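What follows is each chain in one-letter form.
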Amino acid sequence: MDILKVENLSFSYGKKEIIKGIDFNISESMVLGIIGPNGSGKTTLLKNLSGYLKPSFGNVYVLNKNIKHLNIKEKAKYIGYVPQDIFYDFDFTCYDIVMMGRTPYLNRFQSEKLEDKQIVRESMEITNTWQFKDKSIKELSGGERQRVYIARALAQRPKIMLMDEPVSHLDIKYQLEILNLIKDLTLKGILVITVLHDINLAAQFCDKIFILKDGKIEASGKPKDVLNVKNIKNVFETDVVIFEDSETGSINIVPYLNRREQLKVV
Amino acid sequence: MKIKKSLYFTAAFFILVFSAILSISAGAVEIPLQDVLNVFLGKGTEINKTIIFSLRLPRLIVSAFVGMGLSVVGTFFQGLLRNPMADPYILGVSSGAAFGATIAIILNLGIFGLSFMAFLSAILTVFFVYTISKTGTRVSMTTMLLAGIAVSAFISAIISLMMLLNHDQFSRIIFWTMGGFGLVTWNNVYVSAPIITVGSFIMYLFSRDVNAILTGEESAEHLGVNTEFVKKLILAIGSLVTALSVSVGGIIGFVGLIVPHIARLIIGPDNRYLVPFSGILGAVFLILADLFARVLLKPMEIPIGIITAAFGGPFFLYLLVRSKQKSERM
Amino acid sequence: MKRFKGLLALFLVFILAFSLVACSTNTVTKQPDNTKSATEAVKTQFPLKITDFLGREVTIVKAPQRIVSLAPSTTEIIYAIGAGDKVVGVTDYDNYPEQVKNVPKVGGFKGPNVEAITAQKPDIIFASKLSGKEQMEALEKMGIPVVVLEATNIDQIYQSIKLIGEITGNDKKAEEVISNMQNKIKEISDKVKDLPKVSTFYLVSLDGNWTAGKGTFIDELINIAGGKNVADDVNGWAQYSIEELVKKNPDVIITSPHAGNVNDIKTMAGYKETNAVKNDKVFVISDDNIINRASNRIVLGLEEIAKFLHPEAFK
């Protein structure tokens, strides 16, 4: 059974068509990266996948269920979402924040059960945030905060985690930390779909990449296959040089600084 | 941690009871404590009985409930709008109520007519603000806030015009807006207490949802919170409670704005504790404010809005400065 | 220092609160410094130097022919002493006598309109303390004399009448008016002076429970009419505690047509326990203006109140 299946998805804001017919399906847990220039529809696509936006046309199926027919609470049991910015100017403790992730399982009149508390603890331990549980979210660094939000989404016990540029505003140390964490999540059977701004990070951490251009998937596949000079030139309108590290097999994409130089490309 | 919270609640509750007792025993007319007790035991004089049962008691109850209602609504609105400057009146309730009251005063509709018009007009105004702010099924809180400001400004201009053309009623209108519980009777209690209580309780059920909404409406929706429904419900019930409060006590400022902040500084941002704590503090605040309004320059009555501003503002400043000092030391 | 800031803020707000309250009470006005008594008749000589109620010395060159009156009470007096034909400008508030309907309005809610006033080419302006200072100064700079009147008791009304009489050259008529007033007042007070004082409460407005305390015309009228104003423990216009009202238990309640619905008063908690309501002695004055305005019609107000308080004496 496909974890996620997207059928002929289109979305328009008013008269403007942002997503123009996207089809794909994912059957195993992995880190799927969505990259593309600004305005290509990455965030819009993500919000259509989460069900926050209703497609103008087409369907999204999670574990064979059409998300159109799921109510908000049920959707939240399948899909977790970590947005770019979360308002945090209040003194909630990190524990309280992660416990919010249990909302889809809690009835209005219920208080948290032992199971909920265990799941919160587990989520915080996976994300290495349990030591912050009594600290106010305001007191954390950017990277620590981001881990707490991921813990919160994890507490929803989702099948799919959607992330919108989770590391764009972080220091490199935290970027690597979070991306490693994300990769570990797939070991738990979670499909992670993340929009990334940095192509190199995408190249390093994603199992599969979609390159989005003008609301369509221009290319999809393994990073090595998809991130080539031709595609990047086509989508980002930039000339680049791609280096491959023979030891790790990872690739590094560098924009051309001097056009007149003719360098050998891999 | 949990122990600390229940301590605060217990303290607040005792302060509430103490304030109530103080409020019953003090007033423009001096009634010694023994005589107050006698009234409750059935052996008081006719005058004292009238004063305590017909005048002070309903006033105490209404001011407590209005204080609770305004604080609870203020807490929720501040949460929904993620704006610490929000108060129950921002969506146009106060100017709407003033408009209705002005018409009632000009047409000399009597006390009941005044309360009714104020209430009706307040509700209609909020409904109007809501209708022009919503896009499809969603409503943006920011848009509502701005629309509320615009509508309030417009209505204020109309009210000024009406006062101009009916200058005989000018002072009556002005003093209604300043607020006060001087003419509160048991009828007001029967109408306002149950509605404010039920309204506050219903809103309280959504505390967890509003906690999530505080981290962002989109975030909340992704967590499984039906954000649009919660917003509309809180706006509707909150406006109802506020409109009722205004129709019975005039426009009393600062309670809905400052009490939630004070409560938050003491008990934290979790609405499940914050809301009831705000409610208790709000009741205490208005009971005491009403007491001062009656007693400070007796037998003259000071409009309660002046008291809430005079005491609320500086006390809040003090708390802010103290919390700033605390964070600076960290 | 930080703690001090909080206390300072509290202190300042306290001051503000109390000054707002103080503004609602009447302050005592200065008496004009006229050495002539109110009953002496003197023929006016122009140019005339007078001292108005603010203690200002004003010179009036000749008998005014075009008068602007910025206070309804003054307007009434001017007509009463026979100088009404010279009135060329009044305010929006003016409604007595009938003739003022046709007189151009030169001032209203926001105070006098300097342009409208000058358009009438007045040669004198009778103002009150509420007429804006800047506007009055502007008019004086144009050479128009401004005389400020502000009577807060009956004696001062006599003085206003005398002054206006002097200024308009209608001294004799002014004397007559004053005389009539004094006679009428004596007549009324003679009828009631041996009768027991009736405790009275005057309700200005039910919203906010406003009453007229010590120092108001109403207070004075109640006293002359053989009553005791139960609210004379407050000064000026004030919101009165219903508790205190219950304790004082007035025998008569007098209210105005604008105070609110009389039925509300009769059924209101606190009110309904008073002797006044129980004995159906809640009266409505026919017109606020005969008890609020510092004019000769105050006598009518006095008469009405006296009849409410001591109906037996007026059969």
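Note that the structure is a prediction, hence the values are computed from the model and not measured.

(A) Molecular detail of the overall build of chain C. Assigned secondary structure in chain C consists of 12 helices and 14 strands. For chain C, with 315 residues in total, the buried portion stands at 45%. When contacts within chain C are restricted to residue pairs at least 6 apart in sequence, those whose partners lie at least 24 apart make up 59%.

(B) Region of interest: the pairing of strand β4 (residues 87–91) of chain C. All names here are of chain C. Counted residue by residue, β4 has five buried out of five residues, so it is predominantly covered. Alignment of strand β3 (residues 67–69) against β4, held across two bridges, turns out to be parallel. Along β4, the bridge assignment pairs Val-68 with Gly-89. On the question of chirality, the crossover connecting β3 to the parallel β4 by way of helix α2 (residues 72–80) is right-handed. In terms of strand pairing, β4 meets strand β5 (residues 105–108) through two bridges, oriented parallel. Note on β5: the bridge partner recorded for Thr-91 is Gly-107.

(C) Main features of the environment of Gly-208 of chain C. Mapped onto the elements of the fold, Gly-208 of chain C is located in the loop between β9 (198–205) and β10 (210–212). Residues in contact with Gly-208 of chain C, not counting those within four places in the same chain, are Phe-175, Gly-180 and Gly-182 of chain B together with Gln-239 of chain C.

(D) Structural context of the interface of chain B and chain A. On the side of chain A, 18 residues touch chain B, which itself brings 19 residues to the contact. Listed by contribution, the elements that provide at least two residues to the side of chain B that touches chain A are α9 (207–214) and α10 (217–222) of chain B.

(E) The arrangement of the environment of Met-30 of chain A in detail. Along the chain, Met-30 of chain A falls in the loop between β2 (16–26) and β3 (31–35). Taking C-alpha positions, Met-30 of chain A is 8.1 Å from Ile-193 of chain A, a pair spaced 163 residues apart along the chain.

(F) Up close: the interface of chain C and chain B. Contact residues are listed per partner, giving 36 residues for chain C and 38 residues for chain B. Only α1 (2–23), β12 (237–239) and α8 (242–248) of chain C provide two or more residues apiece to the side of chain C that touches chain B. Among the elements that line the side of chain C that touches chain B, the one with the most residues is α1 of chain C, at 10 residues. Its residues placed into classes, the side of chain C that touches chain B shows 17 nonpolar, 10 polar and nine charged.

(G) A look at the domain arrangement of chain C. Residue and element names in this part refer to chain C. Entries for chain C in the domain assignment read domain 1 (48–181) and domain 2 (194–314). If you look at the interface, domain 1 gives 15 residues, while domain 2 gives 10 residues. Among the elements of the structure, α2, α5 (154–168) and α6 (171–192) are those that each provide at least two residues to the side of domain 1 that touches domain 2. Among the elements that take part in the side of domain 1 that touches domain 2, α2 stands out by supplying five residues, more than any other.

(H) Just the packing of α6 of chain C against helix α12 (residues 298–309) of chain C, in detail. Residues and elements named next belong to chain C. Contact geometry of α6 with α12 gives a least axis separation of 10 Å together with a crossing angle of 15°. Relative to α12, α6 is oriented roughly parallel. Here α6 runs over α12; the crossing is left-handed. Two secondary-structure elements touch here, α6 through Met-181, Lys-184, Ile-185, Ile-188 and Val-192 and α12 through Val-299, Leu-302, Glu-303 and Ala-306. The residue inventory of the contact of α6 with α12, partitioned by class, reads seven nonpolar, no polar and two charged.

(I) Geometry of the nonpolar core. Residues Val-98, Ile-160 and Val-192 of chain A are the most contacted members of the largest nonpolar core, which totals 261 residues. For this core, the element with the most residues is helix α3 (residues 46–81) of chain B, which contributes 16 residues. Both domains that meet at this core, namely domain 1 (48–181) and domain 2 (194–314) of chain C, each give it at least three residues. Those residues within four positions of Val-192 of chain A in sequence are excluded, and the remaining contacts are Val-31, Leu-32, Met-161, Met-163, Ile-182, Leu-185 and Thr-186 of chain A.

(J) Highlighting the pairing of strand β8 (residues 191–195) of chain A. Residue and element names in this part refer to chain A. Within β8, five of the five residues are buried, leaving the element largely enclosed by the surrounding structure. Going residue by residue along β8, you find Leu-191, Ile-193 and Val-195 tucked away on one face and Val-192 and Thr-194 tucked away on the opposite face as well. Where β3 lies against β8, four bridges are found, and the strand directions are parallel. The residue bridging Val-31 from the neighbouring strand is Val-192, located in β8.

(K) Just the packing of helix α4 (residues 114–126) of chain A against helix α5 (residues 142–155) of chain A, in detail. All names here are of chain A. Axis separation between α4 and α5 bottoms out at 8 Å; the angle between their running directions is 140°. What the angle tells us is that α4 and α5 run oblique. Crossing geometry of α4 relative to α5 is assigned as right-handed. Here Ile-119, Val-120, Ser-123, Met-124 and Ile-126 of α4 lie close against α5, whose contacting residues are Ala-151, Leu-154 and Ala-155. Looking at the contact of α4 with α5 residue by residue, the class counts come to seven nonpolar, one polar and no charged.

(L) Here's a closer look at the arrangement of the chains. For the two pairs of chains in contact, the maximum contact count is reached by chains B and C. Looking at chain A next to chain C, you find no contact at all, with the nearest C-alpha pair sitting 24 Å apart.

(M) α4 of chain A, seen in detail. All names here are of chain A. Taking 1.5 Å as the rise per residue, α4 with 13 residues should run 18 Å; its terminal C-alpha atoms sit 18 Å apart, in good agreement. Packing partners of the buried residues in α4 comprise α3 (94–99) and α5. Positive phi appears at Asn-128, one or two residues downstream of α4, with a value of about 60°.

Rules used throughout
- Residues numbered from 1 in each chain as written.
- Chains lettered and ligands numbered in written order.
- Predicted model: local features only at pLDDT ≥ 70, side-chain atom pairs only at ≥ 80, totals over all residues.
- Helix = DSSP H or I, 4+ residues; strand = E, 2+ residues; numbered from the N terminus.
- Buried ≥ 20, exposed ≤ 12 C-beta atoms within 10 Å, placed from the backbone.
- Contact = placed C-beta atoms within 7 Å.
- Pairing = 2+ DSSP bridges.
- Right-handed = clockwise from strand over helix to strand, strands pointing away.
- Nonpolar A, V, L, I, M, F, W, Y, C, P; charged D, E, K, R; others polar.
- Domains from an automatic or database assignment.
- Axes fitted to C-alpha atoms, helices over the stretch in contact; angles between N-to-C directions.
- Parallel < 35°, antiparallel > 145°, perpendicular 65-115°, else oblique.
- Left-handed = near helix turned anticlockwise from the far one by under 90°.
- Core = buried A, V, L, I, M, F, W, Y, C linked by C-beta atoms within 7 Å.
- Expected span 1.5 Å × (residues − 1).

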